[in-house]
Amino acid sequence: MSRNANAAAGDASADEILRFTNVSMRYGRGPDVLSDVSLSLPRGSFHFITGVSGAGKSSLLKLIYLAARPSTGAFRLFGEDVTRMSARDLPMARRKIGVVSQDLLLLDHLSAFDNTALPLRIAGHKPAEYRNDVAELLTWVGLGARMQALPPTLAGGEKQRLAIARAVVGRPEILLADEPTGNVDHEIALRIYRLFVELNRLGTTVIIATHDQDLVARSGRPVLHLDKGRLTPLASQGPVA
Amino acid sequence: MSDVFDITRWRPAPYLPQAEARDPALIFVIAVLCFLACLTALGALAGDRGARGWTGQLVGEATVIVRARGGETPDAAAARAAEALAGLPGVTEVRALEREKAYELIRPWLGDIADLDDLPVPRLVAVTLDRKQPATATALDKALKAQGLDAVVDDHSMWIKDIRRAAGVVRGTAIAIFVLIAGAAGAVVAFATRAGLAARRDVVEVMHLIGAEDSQISSLFELRFARIAALSGAIGAASAGLLGAVLRMIGGGAGITPALPIAWIDLLAVLPCPVLAALVAALAARVTARRLIKGL
Ligand SMILES: Nc1ncnc2c1ncn2[C@@H]1O[C@H](COP(=O)(O)OP(=O)(O)OP(=O)(O)O)[C@@H](O)[C@H]1O
Ligand SMILES: [Mg+2]
């Protein structure tokens, strides 16, 4: 998959994967759920987004995975102004983003295997090219024995891992996860977290929205804290080994 | 585990659930409406053919009433009139009717008369006209006047006008009913497509999220619903065609009745039905899918 998105002509910060400048966002004619957010994330970084329920975590992720647009302000992704992206560019940009959304969005009529293979099929790859990768990935997330299961027959934690498998199967440049450890016990939460760390080590930029303060604290990763839609600095936490 | 999964035999499953492809209720409704639309189309064609038949028969004929003048016998006058008309352009055949024939025609008004010779019964001359370029009444009249004959030409134009009007009403009604039914069929196809697509919002949402192009998503639904509509349209069209064929056979060469004659070639009118149904469904699916995607 192409990895030269940030070679955009004339972009000063080539290692910047996204930048928000004074971004606000609202749903329809409702109030701003994000206000004046300015933010720049370097390629290959690993961030948590925290904040109470309704603070705007999911909304910020939606902006990043191009499911919503800022109502004001500028948003650059992969070095490109999102508002200037054409109808053809948007799907291509989405293919470089892996998403584990809060409501998982699995297709109930497709097997775990088919759900996972979806992004690769959409991108036009041949089954013979990727089926082994898909099987390997599912085994890696602990679903090796449930590859033919339909999502409704999976346990909550299994669904979550399936959604994660689908998010990462296309080797995205950014991985966005919204409460990926919401439904799982501590053991699995840790396993999922390690998976993200592993992907991050391979170069993927990772952003995780979570309520799991324990996980955030133990990871020692930088935090983007939202308070009523505003980015508020927490006591800075440098990465801890 | 009993279910051994052999990935080398794995084939990607269709994006859309298969069960819906055979949604019997949807197929039934579309098929019935297509059937009705095809039936009205056949009716319109038969009506049109019938109307053409009625006027065609009348256009092809004219009647000339000849009265004897001076010392001439009625028979001689009729013969002279027939002669005068025979060579005219637009006239294919001329036949002077015998006295008895003429009498037959007026008997209902006069009752039985013992001696026909006592009565100055006018003679009739039947003129068969060229269907393509029939001679006009004035042309016939002029030819008769030139021979000094006392004759009146009736080219049935009064009747033709009425019949034409009746035929126009039949044709217009049939077309209006056809347009209504075809419109209803199209609307049902469109509504059913929209409903079916809304029920598969999850597929639209997921495919959109993972980077499918709008056309990739909508073509999925276009194909699905076009196929359903084509199948339903084929069922409806075949049923209507079959019914038409049965009517054609029962009615013989004249169709149901001489008033609504179905020809074998009319049955071809049902052929575009599946294609049209599929096109309407595909278009509705595209519009709905694009709108759904935009709303995400
Ligand atoms: N689709 C929507 N339409 C209208 N308002 C919405 C929509 N989604 C979210 N909101 C509103 O936007 C605000 C922020 O919601 P958001 O989902 O981003 O919060 P969150 O931080 O992810 O919360 P949680 O931790 O509960 O997931 C809330 O006030 C919510 O009611
Ligand atoms: Mg949320």
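Preceding block: the structure.
Residues numbered from 1 in each chain as written. Chains lettered and ligands numbered in written order. Predicted model: local features only at pLDDT ≥ 70, side-chain atom pairs only at ≥ 80, totals over all residues. Heavy atoms only, no water.

**Comments concerning the site of ligand 1**
Residues and elements named next belong to chain A.
- Every residue close to ligand 1 is listed here: Y27, V33, V52, S53, G54, A55, G56, K57, S58, S59, Q102 and H211.
- At 3.0 Å, a backbone N or O of G56 approaches an oxygen atom of ligand 1.
- Side-chain polar atom of Q102 to an oxygen atom of ligand 1: 2.9 Å apart, as the coordinates give it.
- Compared with its free state, where it exposes 630 Å², ligand 1 has 60% of that area covered by protein.
- If you tally residues by element for the shell around ligand 1, the top one is helix α1 (residues 57-64), at three residues.
- Residue classes in the shell around ligand 1 are distributed as four nonpolar, seven polar and one charged. (Near = heavy atom within 4 Å. Polar contact = N/O pair within 3.5 Å; in protein donor to acceptor, adjacent residues only side chain to side chain. Areas by Shrake-Rupley, 256 points an atom, 1.4 Å probe, with all protein chains shown as cover. Helix = DSSP H or I, 4+ residues; strand = E, 2+ residues; numbered from the N terminus. Nonpolar A, V, L, I, M, F, W, Y, C, P; charged D, E, K, R; others polar.)

**Some remarks on the coordination of the magnesium ion (ligand 2)**
- Bound to the magnesium ion (ligand 2) are the protein donor atoms A:S58 (OG) and A:Q102 (OE1), situated 1.9 to 2.3 Å from the metal. Residue A:S58 is found in helix α1, and its partner A:Q102 is found in the loop between β6 (97-100) and α3 (112-122); the two are separated by 44 residues along the sequence. (Donors = N, O, S within 2.8 Å, 3.2 Å for Na, K, Ca; no water.)

**Points about the sheet that holds strand β3 (residues 46-50) of chain A**
All names here are of chain A.
- Taken together, the six strands give an open sheet; going across it, the order is β6-β7-β8-β3-β9-β10, and neighbouring strands pair in mixed fashion. Each having just a single partner strand, β6 and β10 (230-232) make up the two edges of the open sheet. The sheet shows a mean angle of 20° between the axes of neighbouring strands, taken without regard to direction.
- Packing of α1 onto the sheet brings it into contact with β3, β6, β7 (174-178), β8 (205-209) and β9 (223-227), and relative to β7 it is tilted by some 155°. (Pairing = 2+ DSSP bridges. Axes fitted to C-alpha atoms, helices over the stretch in contact; angles between N-to-C directions. Contact = heavy atoms within 4.5 Å.)

**Quick word on α3(A)**
- The element α3(A) is extensively covered by neighbouring structure, given that eleven of its eleven residues are classed as buried.
- Every buried residue belonging to α3(A) is among A:A112, A:F113, A:D114, A:N115, A:T116, A:A117, A:L118, A:P119, A:L120, A:R121 and A:I122, and all of these are buried. (Buried < 20%, exposed > 50% of the residue type's maximum accessible area, 1.4 Å probe, protein only.)

**Some thoughts on the pairing of β9(A)**
Residue and element names in this part refer to chain A.
- Pairing geometry for β3 and β9, over three bridges, is parallel. Considered in β9, the bridge of T50 is made with H225.
- Direction of pairing for β9 relative to β10: antiparallel, over a ladder of three bridges. Opposite D227, over in β10, you have R230 as the bridge partner.

**Describing a nonpolar patch on the surface**
- On the surface, B:F28, B:V29, B:V32 and B:L36 cluster together into a nonpolar patch covering about 320 Å² of accessible area.
- Owing to a relative accessible area of 32%, B:L36 belongs among the partly exposed residues under this scheme. (Patch = residues over 30% accessible without salt bridge, like charges linked within 9 Å, V, L, I, M, F, W, Y side chains within 5 Å. Salt bridge = Lys/Arg side-chain N within 4 Å of Asp/Glu carboxyl O.)

**Re the side chain of A:S111**
- On the secondary structure map, A:S111 appears in the loop between β6 and α3.
- A:S111 has contacts with A:M147, A:Q148, A:A149 and A:L150, leaving out every residue within four places of it along the chain.

**What about the layout of surface pockets?**
All names here are of chain A.
- Roughly 680 Å³ of volume is contained in the largest pocket.
- Lining of the largest pocket is provided by 22 residues; of these, D133, V168, V169, G170 and R171 occupy positions nearest its centre.
- Of all elements in the fold, only α4 (127-140) and α6 (186-201) reach the threshold of two or more residues within the lining of the largest pocket.
- Here the lining of the largest pocket gets six residues from one element, more than from any other, and that element is α4.
- A breakdown of the residues in the lining of the largest pocket according to their chemical character gives ten nonpolar, four polar and eight charged. (1 Å grid on protein atoms, 1.4 Å probe; cavity = no way out; pocket = protein on both sides within 12 Å on 5 of 7 lines; lining within 4 Å. Points joined across faces, edges and corners; volume = space filled by probe spheres on them.)

**Details of the environment of A:I208**
Residue and element names in this part refer to chain A.
- Tracing the sequence through the fold places I208 in strand β8.
- I208 gets classed as buried once you look at its relative accessible area, which sits at 2%.
- Between the C-alpha atom of I208 and that of L110, which follows or precedes it by 98 residues, the distance is 26 Å.
- Discounting residues that sit within four places of it in the chain, I208 has contacts with F46, H47, F48, I49, A177, P180 and F196.

**Here's the deal with the state of the cysteines**
- Across all of its chains, the model carries zero disulfides over all chains by this definition.
- Of all cysteine sulfurs in the structure, the one in B:C273 sits closest to B:C34, which takes part in no disulfide; the separation is 3.7 Å. (Disulfide = S-S within 2.5 Å.)

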